[in-house]
Amino acid sequence: MATPTAAAAENQFGLMAALEQGGVIAWTVFIILVIMSAASWYILFTKLFEQQKILNQAKRMRTSFWGTPSLRDGASKLEKNSAYRQIADDGLRAQDEHTKLTDPVDQHEWLGSSLGRSQAAINSKLGNGLAVLATVGSTSPFIGLFGTVIGIYRALIKIGASGQASIDAVAGPVGEALIMTALGLAVAVPAVLAYNWLIRRNKVIAEQLGSFSTDLHGYMVSNGALKPALASARTAPVAPVKTGPATITKS
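Residues numbered from 1 in each chain as written. Predicted model: local features only at pLDDT ≥ 70, side-chain atom pairs only at ≥ 80, totals over all residues. Heavy atoms only, no water.

### Here we look at the environment of E97
So, step 1. Residue placement: E97 occurs in helix α4 (residues 83–98).
So, step 2. In sequence terms E97 and W110 are 13 residues apart; their C-alpha atoms lie 9.4 Å from each other. (Helix = DSSP H or I, 4+ residues; strand = E, 2+ residues; numbered from the N terminus.)

Okay, structure coming up:
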């Protein structure tokens with residue numbers, strides 16, 4: 001069982017003790033790092049949910065959209081407010097608006113620019129919040145370093161006041177400095193990893209949206225002649241032909 005003296009010594013060099021010794025500056029640095037950490041974790045989970053939703057929509061789109069007799073029927077089967085529904089609706093709207101142009105524009109270029117603009121809007125929305133992760137990952141170590149510098153400065157002041165560099169005089173400020181460095185790294189490392197992971201997943205989604213946009217463009221400019229093969233049709237196994245035993249008939 002720990003004695004009161006040991007408990008007091010342990011509390012003297014804990015996190016709360018370091019913050020109390022550091023004063024307003026230590027508390028300010030700590031609160032800023034906590035806010036940055038909470039923001040990065042919130043963005044990570046919300047973006048993962050958003051990305052996974054679009055990835056699930058891609059799986060359902062392959063089986064429900066291209067198996068319909070017309071694009072309007074296929075668009076109606078897609079989930080409302082989904083990324084693929086937005087591209088399909090924008091393509092159909094561009095196709096209808098092309099006939100209203102007073103200065104004729106090639107349908108291929110008109111549909112391509114409309115689908116590209118729709119895809120770019122979705123990719124831009126997927127990138128929202130990633131700048132916060134990049135900012136947290138790049139600045140939080142320096143914010144922690146600021147607290148470290150203040151802690152070292154306080155340790156030097158104590159050494160100058162006491163006239164000797166005893167461990168009792170500098171243990172508190174140095175411990176505060178190390179804690180601030182650790183907090184800065186603890187905030188920065190998850191933010192950097194989350195940023196790189198989300199960027200990679202966004203690239204996968206952008207490739208899938210680009211493939212869908214290209215297939216939709218080809219289907220529309222060819223009046224339905226070009227249609228991507230369904231995954232089930234490409235991967236369906238060929239059933240083996242069963243042959244029965246040979247029989248000999250007597251004439």
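### A few points about the side chain of Q51
So, step 1. Structurally, the position occupied by Q51 is in helix α2 (residues 15–64).
So, step 2. We classify Q51 as buried; its relative accessible area is 0%.
So, step 3. A polar contact is formed between the side chain of Q51 and the side chain of R201, at a distance of 2.6 Å.
So, step 4. Residues within four places of Q51 in sequence aside, it is in contact with L198, R201, N202 and I205. (Buried < 20%, exposed > 50% of the residue type's maximum accessible area, 1.4 Å probe, protein only. Polar contact = N/O pair within 3.5 Å; in protein donor to acceptor, adjacent residues only side chain to side chain. Contact = heavy atoms within 4.5 Å.)

### Points about the nonpolar core
So, step 1. Formed by 25 residues in total, the largest nonpolar core has its most connected members in F65, W66, L71, Y84, F212 and L216.
So, step 2. Taken together, the elements giving at least two residues each to this core come down to α2, α3 (71–77), α4, α5 (107–126) and α7 (167–221).
So, step 3. By size, the runner-up hydrophobic cluster in this structure holds eight residues, among which are A26, M36, M180 and A191. (Core = buried A, V, L, I, M, F, W, Y, C linked by side-chain atoms within 4.5 Å.)

### Here we look at the pattern of salt bridges
So, step 1. Inspection of the entire model under this criterion finds five salt bridges.
So, step 2. Taking the shortest distance from any N to any O, the salt bridge between R60 and E79 comes out at 3.0 Å. Taken as a pair, R60 in helix α2 and E79 in the loop between α3 and α4 lie far apart in primary sequence, 19 residues in all.
So, step 3. A relative accessible area of 43% places R60 in the partly exposed class.
So, step 4. A salt bridge links D96 to R72; the nearest nitrogen and oxygen atoms lie 3.0 Å apart. You can see D96 sitting in helix α4 and its partner R72 sitting in helix α3, a full 24 residues away along the chain.
So, step 5. Residue D96 is classed as partly exposed on the basis of its relative accessible area of 34%. (Salt bridge = Lys/Arg side-chain N within 4 Å of Asp/Glu carboxyl O.)

### Examining the environment of R93
So, step 1. By the element assignment, R93 lies in helix α4.
So, step 2. Assessed through its relative accessible area of 43%, R93 is described here as partly exposed.
So, step 3. Separated by 21 residues in the primary sequence, R93 and S114 have C-alpha atoms spaced 9.0 Å apart.
So, step 4. Of the polar contacts made by the side chain of R93, one reaches the side chain of D90; its length is 2.6 Å.

### A closer look at α5
So, step 1. Between the first and last C-alpha of α5 there are 29 Å, a value that for 20 residues agrees with the 28 Å anticipated at 1.5 Å per step.
So, step 2. Restricting attention to buried positions, one finds in α5 the residues L111, S114, L115, S118, Q119, I122 and L126. Seen end-on, α5 carries its buried residues on one side only, within an arc spanning 125 degrees. When the buried face of α5 is taken as reference, the exposed residues oriented beyond 90 degrees from it are E109 and R117. (Expected span 1.5 Å × (residues − 1). Arc of directions from axis to C-beta.)

### With respect to α4
Each turn of an α-helix holds 3.6 residues, which means side chains three or four residues apart point in the same direction.
So, step 1. If you check α4, its first and last C-alpha atoms are 23 Å apart, about what 16 residues at 1.5 Å a residue would give, namely 22 Å.
So, step 2. Listing the buried residues of α4 in full gives A83, Y84, R85, I87, A88, D90, G91, L92, A94 and H98.

### Side note on unusual backbone geometry
So, step 1. Phi angles above zero are rare outside glycine, and N81 is one such case at about 65 degrees.
So, step 2. Inspection of the secondary structure puts N81 in the loop between α3 and α4.
So, step 3. Judged by relative accessible area, N81 falls into the exposed class, the value being 82%.

### Observations regarding the environment of L226
So, step 1. Along the polypeptide, L226 turns up in the loop between α7 and α8 (231–235).
So, step 2. On the basis of relative accessibility, which here comes to 54%, the residue L226 falls in the exposed class.
So, step 3. Once the C-alpha coordinates of L226 and D215 are considered, the two residues, eleven residues apart in sequence, prove to be 8.0 Å apart.
So, step 4. Those residues in contact with L226, other than ones at most four positions away along the chain, are G218 and Y219.

### Points about the packing of aromatic side chains
So, step 1. In the structure shown here, the tally under the stated rule is seven aromatic pairs.
So, step 2. Taking 5.1 Å as the distance between ring centres and 80 degrees as the angle between the ring planes, the aromatic pair formed by Y84 and F212 counts as edge-to-face. Of this pair, Y84 sits in helix α4 while F212 sits in helix α7, and the two are 128 residues apart along the sequence.
So, step 3. What makes Y84 buried here is its relative accessible area of 1%.
So, step 4. On the basis of relative accessible area, F212 is assigned to the buried category, the value being 2%. (Phe/Tyr/Trp six-rings, centres within 6.5 Å; stacked < 30°, edge-to-face > 60°.)

Don't take any of this as a statement about function, it's just geometry.
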